[in-house]
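Structural overview for review
These are the residues of each chain, in order.
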Amino acid sequence: MLNYLPVILSVSCFCSVHAQAVKKPARITQKISNGWTFTKDKYSGGNPAATQWQQVNVPHTWNSKDVMDDTPGYYRNACWYRKTISIEKSFRNKQVFLYFEGANQETEVFVNGQKAGGHIGGYTGFCIPISPFLVFDGRGNSNEIVVRVDNSFNENIPPLTADFTFYGGIYRDVFLIATNDVHFSLTDQASTGIYISTPQVAAGKAGIHVKGSVVNNAPTEREIQVLSSVIDRQGKKVASIESAITVHANETKVFEQDGSDKVVRPTLWSPENPYLYTVTTTLKDVLTGELLDESNHTIGFRWFNFDADKGFSLNGKSYKLVGTSRHQDYQAMGNAVPDKLAMKDVELVKQMGGNFLRVAHYPQDPVVLETCDRLGILASVEIPIVNEITESEPFYNNCRNMQMEMIRQNYNHPSVIIWCYMNEILLKPHFNDDKQRQQLYFNNITKLAMELDSITRKEDPYRYTMIANHADLKRYKDAKLIDIPMLAGWNLYSGWYGSKMEEFPAFLDRFHTEFPNKPLLVTEYGADADPRIRSAHPVRFDKSVEYTTQFHQYYLTEMLKRPFVAAAMVWNLADFNSETRNETMPHINNKGLLTWDRKPKDPYYLYQAMLLKTPFIKILPSSGKHRVGIADSAMNSCKQLVQVASNLDSLLITINDKPFSKNKVVNGLCEWTLPFRDGNNRIRVAGSSRGTLYTDTLTFMVKLYPYQLSGQAAFKQMNILLGAERYFIDDKGTEWMPSQDYRKGAWGSIGGRAFKIANNNRLPYGTDKNIAGTNNDPIYQTQQIGIEQYRFDVPDGNYELQLQFAELLGNSTWPLPYNLTDTTGGKEKISSRIFNVYVNGKLILGNFNMASGYGIATAILKKATIAVSNKDGITIEFRAVDGEAVLNALQIKKLD
């Protein structure tokens, strides 16, 4: 973290670099992230030995594991951290601070048993002065730091609710900072105390404006020289501004420096050339010449504009802003993510061909915007006012403070062009049964939005303001929330939460017609893609990678057609934890272009194909080279879809060294239906651009089941999903395929129909409940109801049958709480199910009642072995006792 804490870390980095040349650095910064102890026990500051402590390092969260178990909820309460630090005796004459980059969400800091300070809010940094509490007694100078962190729900602290997890802990780095008595303020909303703007920028010249706060903790007045120097990438000073100020004892003095037209022929900052200058600002004692403090910031010279018809322009050049949003958590780490992984996320946006990052739904680790600056990724940042508000002055005041902290801590980043302060704020309206009271609630939201927008424009007149709305245009229009910010952001999910993709471009056109003077940004769009699920017939909400790829192709194509759509922000860069979610991968929002551990999915490569300027070609799928299928009746092969992401005009595909066909690339994708044989199938695609040949190869390992099972002595195993039209790879790498109707000499079901929740217009089949007792939920989330038989016309021999069951009805209502379109919903109709199961006439399950015996949405596995002789095959018979018999999945293995 040391190299990337905005300003504070820049300063320490500069000082450490020159430590050998400067005997007494103006400021000392030390990371103190290692060697902490942690407890969930109540700790009153008494005997530490009476408390159960465990060794930890920060970043740390106490929710990295419990957010993924089958027990609803996760630990939200107060926990304690403790560390003993040795303070140098030279610090006796210093001002000493603890700087926390982030702790969620209420924090109290104690030094040597005394409360030194605290902070409300989980996503911005805070700085605690600790000099009055330190001990310099000559006995090792040990000082105890104790930090209480509480992530409990608090109705006065946003976010109140959201589709992400509110991890607790000191989940970012912590620093000890020592300054001279005269120093740049560290307690001005935990900023660096220096704010640099570039109000006039042109190709020929540019100016800077420096504003800052200087603190004098000395008992006497000081005459101070303030010098700001602009240094280019080669280390050459290109401009400087000097001023003198008088700072009285125990005073904080604000200074301003105007450097209009100081920089001649600046190199402009852009996505193609993110050129950064360094502004070094120093404080020197006028009388002695002593360096008192020094701060370094990187800046970029650029100008930008949003236009309601033409979209976005930077430095006079039109750009379509395309990128992603980002949540900060990572598999097995929660939100306690090291800097290198946060930087890697931004690099993945760049490698995708993106030029924008929505830092959502909260300010993130300082390294994120530092990396955006360095790579040329434009950005928006927001505070976590999500879904709803509390109508209280403490809530409003916390919102104001969060907005101020966000702006001041991130003010100097050239990548930041938008400040946002609300997301889908009308998604969960209060007082639905009292329309008059509800209108007052809406009015209070509008009032808060107006206040936050006013604060933002006053704090930073050079950037744009925005609210991200969900798809209810009338509701936001009536609440006048479209009129308040400078930009209108829309989170749109037609074809996912909404039923038809075609509603998406219709919404864009409607908004532009009704609000012709308001710039439009699509701040969210996406569809869940469980990387374990594939489909030959993708449909909405089947969670297949194929449907999601189709979704993104359609959305991006429609936005590229419309110049008035300024930005396209994919939701989300990577899968992330949302503990309250169920679905095929419980607790995970699968809308990421990357998996939770940052492995690309197919849509990521689609974006590379549609955005990159250099030739690109990639055979899909991105995950899993294994396929399973059934040979057709005429040939020993199975026809399956193959997609290739590319920006070339056309591609020739070869299968097993035989040319197949040359097809056109359409909107980033080229498709073929290829005949796969059993075993390895080598695929090669080739295309040319400007006389250069580009290729990609991939070998698919295909398990091909024969059209007929009878007489197939080589038969070994088959894994079948019932009531599903999708393929699934489980956590052991086993491929599961959809069932079929029974055909003589083969296999399949007799009787029944796919399970579907009545009156549910979202799920095409099955349920999205969390199935307890398994990590392979899709095996149990679909089923055949009313099934009469399942038959396998297998050769003689010994076999093991595994039958998978789960009761899918009960214990919940729908729709999803984060459904952005249909919020009417309904209640599941529960039916009794008791049945007997026979295998070749032998009873193996009698009066089988899933609900009473095992509970709702619980994985049930039943095994049976059977000897097949006389070419009888296997017949599984289901006889209903009460209601209808069901079967979710089954597996058959030959034992000899």
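Structure: see above.
So, a few notes on the structure that sits alongside this text. (Residues numbered from 1 in each chain as written. Predicted model: local features only at pLDDT ≥ 70, side-chain atom pairs only at ≥ 80, totals over all residues. Heavy atoms only, no water.)

1. Describing the overall build of the protein
Formally: Put simply, DSSP marks the helices as runs of H or I at least four residues long and the strands as runs of E at least two long, and each gets a number from the N terminus on. Based on C-alpha atoms, the radius of gyration is set beside the globule rule, defined as 2.2 Å times the residue count to the power 0.38. Whether a residue is buried, partly exposed or exposed follows from its accessible area with a 1.4 Å probe, protein chains only, as a fraction of its type maximum: under 20%, in between, or over 50%, in that order. In what follows, residue pairs with any heavy atoms lying within 4.5 Å of each other are defined as contacts. Only the protein chains shown count as cover for residues, and all accessible areas are computed by the Shrake-Rupley method using a 1.4 Å probe.
The helix and strand inventory of the protein stands at eleven helices and 56 strands. Here the C-alpha atoms of the protein give a radius of gyration of 31 Å, agreeing with the 29 Å that 2.2 N^0.38 yields for 896 residues. Taking the principal axes of its C-alpha atoms as reference, the protein extends roughly 105 × 75 × 60 Å. Taking all 896 residues of the protein together, 61% fall into the buried category. Across the protein, the fraction of contacts at a sequence separation of at least 24, relative to all contacts at a separation of at least 6, is 71%. Carbon and sulfur atoms make up 48% of the accessible area of the protein, which totals about 34,700 Å².

2. Some remarks on the pairing of strand 10 (residues 174-179)
For the record, the criterion: In this scheme, strands are said to pair when DSSP sees at least two bridges between them.
Buried residues dominate strand 10, accounting for six of its six residues. Burial along strand 10 is two-sided: the residues Val174, Leu176 and Ala178 and Phe175, Ile177 and Thr179 are all buried. Sheet topology places strand 1 (residues 27-31) next to strand 10; five bridges connect them, and they run antiparallel. Counted as the bridge partner of glutamine 30 is leucine 176 from strand 10. Alignment of strand 5 (residues 95-100) against strand 10, held across six bridges, turns out to be antiparallel. Bridge pairing in strand 10 links glutamine 95 to threonine 179.

3. Focus: the environment of threonine 767
In plain terms, the rule: We define a polar contact as two N or O atoms separated by no more than 3.5 Å, with the added condition that, inside protein, one atom must be a possible hydrogen donor and the other a possible acceptor, whereas residues neighbouring each other in sequence contribute only through side-chain atom pairs.
Checked against the element boundaries, threonine 767 lands in the loop between strand 45 (753-754) and helix 10 (777-780). Considered as a pair, threonine 767 and leucine 809 are 42 residues apart in the sequence and their alpha carbons are 8.6 Å apart. Filtering out sequence-adjacent residues up to four positions away, threonine 767 remains in contact with Phe755, Ile757, Gln781 and Leu808. Looking at threonine 767, its side chain comes within polar contact range of the main-chain nitrogen of lysine 769, at 3.2 Å.

4. With respect to the nonpolar core
Stated precisely, the cut-off is as follows: To form a nonpolar core, buried Ala, Val, Leu, Ile, Met, Phe, Trp, Tyr and Cys residues must be joined to one another through side-chain atoms within 4.5 Å.
With 160 residues, the main nonpolar core has Phe792, Ile874 and Ile876 as its most contacted residues. Here the element with the most residues in this core is helix 9 (residues 602-611); it accounts for seven residues. Aside from chain neighbours lying at most four places away, what touches isoleucine 874 is Tyr790, Arg791, Phe792, Val794, Tyr799, Leu801, Val839, Asn840, Ile866, Val868 and Ile892. Formed by 31 residues, the second largest nonpolar core is a distinct cluster that contains Val58, Leu98, Ala116 and Ala178.

5. Examining the packing of helix 2 (residues 339-351) against helix 3 (residues 366-375)
Note the threshold: Axis angles are defined between N-to-C directions and span 0 to 180 degrees, where every axis is a line fitted to C-alpha atoms and, for a helix, only to the segment in contact. Angles below 35 degrees are treated as roughly parallel, those above 145 as roughly antiparallel, those between 65 and 115 as roughly perpendicular, and all remaining angles as oblique. In this scheme, a crossing is called left-handed if the near helix is turned counterclockwise away from the far one by less than a right angle; it is called right-handed if the turn is clockwise.
At a minimum axis separation of 9 Å, helix 2 and helix 3 run at an interaxial angle of 40°. The orientation of helix 2 relative to helix 3 falls into the category oblique. Between helix 2 and helix 3 lies a crossing of right-handed hand. Residue-level contacts link Asp339, Ala342, Met343, Val346, Glu347 and Lys350 of helix 2 to Val367, Val368, Thr371, Cys372, Arg374 and Leu375 of helix 3.

6. A look at the sheet that holds strand 14 (residues 222-231)
Here four strands make up an open sheet; going across it, the order is 15-14-17-18 and the pairing antiparallel. With one partner strand each, in any of the chains shown, strand 15 (237-247) and strand 18 (291-299) form the two edges of the open sheet. Across the sheet, the mean angle from the axis of one strand to that of its neighbour is 15°, orientation sign disregarded. As paired strands, strand 14 and strand 17 (residues 277-285) are joined by eight bridges and run antiparallel to one another.

7. Notes on empty space enclosed by the protein
One simple way to see leftover space: roll a probe sized like a water molecule over the atoms. The condition that has to hold: Cavity and pocket criteria rest on a 1 Å grid covering protein atoms alone: a 1.4 Å probe that fits but cannot get out defines a cavity, protein on both sides within 12 Å along at least 5 of 7 lines defines an open pocket, and an atom within 4 Å of a point defines a lining residue. Grid points are joined across faces, edges and corners, and a volume is the space filled by probe spheres set on the points.
By the definition in use, this model includes seven cavities of 30 Å³ or more. The space that makes up the second largest cavity amounts to roughly 90 Å³. Surrounding the second largest cavity, 13 residues form its lining, Gly125, Gln364, Pro366, Gln409 and Asn410 being those nearest its centre.

8. Focus: the packing of aromatic side chains
Inclusion rule: Two rings belonging to Phe, Tyr or Trp (six-membered ring only in the last case) form a pair when the distance between their centres is within 6.5 Å. Interplanar angles under 30 degrees mark stacking, angles over 60 mark edge-to-face geometry, and anything in between is tilted. Put simply, a charge is over a ring when the Lys NZ or the Arg CZ is close to the ring centre, within 6 Å, and near the line of the ring normal, within 35 degrees.
All chains considered together, the criterion is met by 39 aromatic pairs. Here the aromatic rings of phenylalanine 306 and tyrosine 464 are separated by 4.8 Å at their centres, their planes lie at 75°, and the arrangement is edge-to-face. Within this pair, whereas phenylalanine 306 is found in strand 19 (residues 304-307), its partner tyrosine 464 is found in strand 26 (residues 464-469), the two being separated by 158 residues in sequence. According to the relative accessible area criterion, phenylalanine 306 is buried, its value standing at 6%. Residues tryptophan 571 and phenylalanine 576 carry aromatic rings whose centres are separated by 5.7 Å and whose planes lie at 85° to one another, so their mutual orientation is edge-to-face. Just as tryptophan 571 is buried, phenylalanine 576 falls in that class too. For the cation-ring pair, arginine 463 lies above tyrosine 411, with the distance from its terminal atom to the ring centre recorded as 5.6 Å.

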